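Per-entry structural report
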Amino acid sequence: MSHLTDTQLQSLADGTLRGPEGLAAREHCEACAGCDASLTLYSALVGRLSALKDPDPPADFTATVLAAVEVREAHLVTRRHTLLAAIPALALALFAIVGWALNTQVNRLIEGVSVARTVWVAVGPVFTAIRLPLGIGAFLFLAVVLTALSRTLKPAYARVTAGS
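Predicted model, so just to flag it, every value in this text is computed and none were measured.

**Observations regarding the packing of helix α1 (residues 6-14) against helix α3 (residues 33-51)**
Viewed as axis vectors pointing N to C, α1 and α3 meet at an angle of 50°, and their least axial separation amounts to 9 Å. Between α1 and α3, the crossing angle belongs to the class labelled oblique. α3 is crossed by α1, and the crossing has right-handed handedness. Between α1 and α3, the residues in contact are Asp-6, Leu-9, Gln-10, Leu-12, Ala-13 and Asp-14 and Cys-35, Ser-38, Leu-39, Tyr-42, Ser-43 and Val-46, respectively. Of the residues that constitute the contact of α1 with α3, the class distribution is seven nonpolar, three polar and two charged.

Shown next as structure tokens:
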């Protein structure tokens, strides 16, 4: 087996390398003087680091953190109130824009209807005088009759070729 890596030796020294891998690593350290020396060094380092004491926080640590939290909360509340105040303004602006657009469309529709009514009033008596509906009906009836006849009668060239 090759030498153990630094990561394997550190894990073995702090007790996080367990199971079959840990057993194999311990057996290797017992047979390999170089890995055993590195394991001894890492074990001593882990022991010294474990003996270190955490520094005490400053006396005003809690007050400083609470003051920072209060400032942050006040900022968030101010921001929230600003956003909530903007919602009615946005709704009013949208209402005004939609109202303006609808007013424009309704005015165009009314103008279009007025123009159509004016044209119909001007042209209506002319249509009545020339009996346009009667003419249109006669034309449609003639078109239907001619279409039916063209489908039922054989064309002249078909009779000529059938007779020869």
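**Regarding the environment of Ala-31**
Within the fold, Ala-31 resides in helix α2 (residues 19-31). What makes Ala-31 exposed here is its relative accessible area of 72%. A sequence separation of 35 residues divides Ala-31 from Leu-66, and the C-alpha atoms of the two residues are 57 Å apart.

**Examining the state of the cysteines**
For the structure shown, the criterion picks out zero disulfides. Not engaged in a disulfide, the cysteine Cys-29 finds its nearest cysteine sulfur in Cys-35; these two sulfurs lie 5.4 Å apart. No disulfide involves Cys-32; its sulfur sits 3.8 Å from that of Cys-35, the nearest cysteine. Cys-32 sits in the buried class, given a relative accessible area of 12%.

**Some thoughts on the packing of α2 against α3**
Where α2 meets α3, the axes come as close as 5 Å, and the angle between the chain directions of the two elements is 110°. Between α2 and α3, the angle falls in the class roughly perpendicular. The crossing of α2 and α3 is left-handed. For the pair α2 and α3, contact is made by His-28, Cys-29 and Ala-31 and by Ala-33, Cys-35, Asp-36 and Leu-39, respectively.

**A word on the environment of Leu-12**
Tracing the chain through its elements places Leu-12 in helix α1. Residues Leu-12 and Thr-147 lie 135 residues apart in sequence; the distance between their C-alpha atoms is 101 Å. In contact with Leu-12, other than residues within four places in its own chain, are Leu-17, Gly-22, Ala-25, Arg-26, Cys-29 and Leu-39.

**Comments concerning α1**
Within α1, the full set of buried residues consists of Leu-9, Ser-11, Leu-12 and Ala-13. Each element contacted by the buried residues of α1 is listed here: α2 and α3. Count one or two residues on from α1 and you reach Gly-15, which has phi positive near 85°.

**Some remarks on a nonpolar patch on the surface**
Together, Phe-141, Leu-142, Val-145, Leu-146, Leu-149 and Leu-153 make up a nonpolar patch on the protein surface, roughly 590 Å² of accessible area in all. Residue position: Leu-153 is located in the loop between α5 (132-152) and α6 (156-163).

**What to know about the nonpolar core**
Ranked by size, the top nonpolar core spans eleven residues in total: Leu-4, Leu-9, Leu-12, Ala-13, Leu-17, Ala-25, Cys-29, Cys-32, Cys-35, Leu-39 and Tyr-42. For this core, the secondary structure elements donating two or more residues are α1, α2 and α3.

The rules behind the values
Here the residue numbers are simple positions, counted from 1 along each chain's written sequence. Given that this is a predicted model, residues contribute local features only at a pLDDT of at least 70 and side-chain atom pairs are listed and counted only at 80 or more, while totals for whole chains, interfaces and linings are drawn from all residues. Hydrogens and water are ignored here; the side-chain numbers use all heavy atoms of the structure. As a rule, the C-alpha atoms of each element are fitted with a line to give its axis, helices using only the stretch in contact, and angles between N-to-C directions run from 0 to 180 degrees. Under the DSSP-based scheme used, a helix requires at least four consecutive residues in state H or I and a strand at least two consecutive residues in state E, with every element numbered from the N terminus. Throughout, the term roughly parallel applies to angles under 35 degrees, roughly antiparallel to angles over 145, roughly perpendicular to angles from 65 to 115, and oblique to all others. Two helices that cross are described as forming a left-handed crossing if the nearer one is turned anticlockwise from the farther one by less than a right angle, and a right-handed crossing if clockwise. By definition in these notes, contact holds between two residues if any of their heavy atoms fall within 4.5 Å. All residues other than Ala, Val, Leu, Ile, Met, Phe, Trp, Tyr, Cys, Pro, Asp, Glu, Lys and Arg, Gly among them, are scored as polar; the first ten of these are nonpolar and the last four charged. For every residue, the accessible area obtained with a 1.4 Å probe (protein chains only) is divided by the maximum for its type, and the residue is called buried under 20%, exposed over 50%, and partly exposed between those limits. Whenever a pair of cysteine sulfur atoms sits within 2.5 Å, that pair is classed as a disulfide. What goes into a patch is any residue over 30% in relative accessible area without a salt bridge, connected to like charges within 9 Å or, for nonpolar side chains (Val, Leu, Ile, Met, Phe, Trp, Tyr), within 5 Å. To be clear on the numbers: accessible area is Shrake-Rupley with a 1.4 Å probe, and residue cover counts the displayed protein chains and nothing else. Throughout this description, the term salt bridge denotes a Lys or Arg side-chain nitrogen within 4 Å of a carboxyl oxygen of Asp or Glu. Definition of nonpolar core: a set of buried residues of the types Ala, Val, Leu, Ile, Met, Phe, Trp, Tyr and Cys, connected through side-chain atoms within 4.5 Å.

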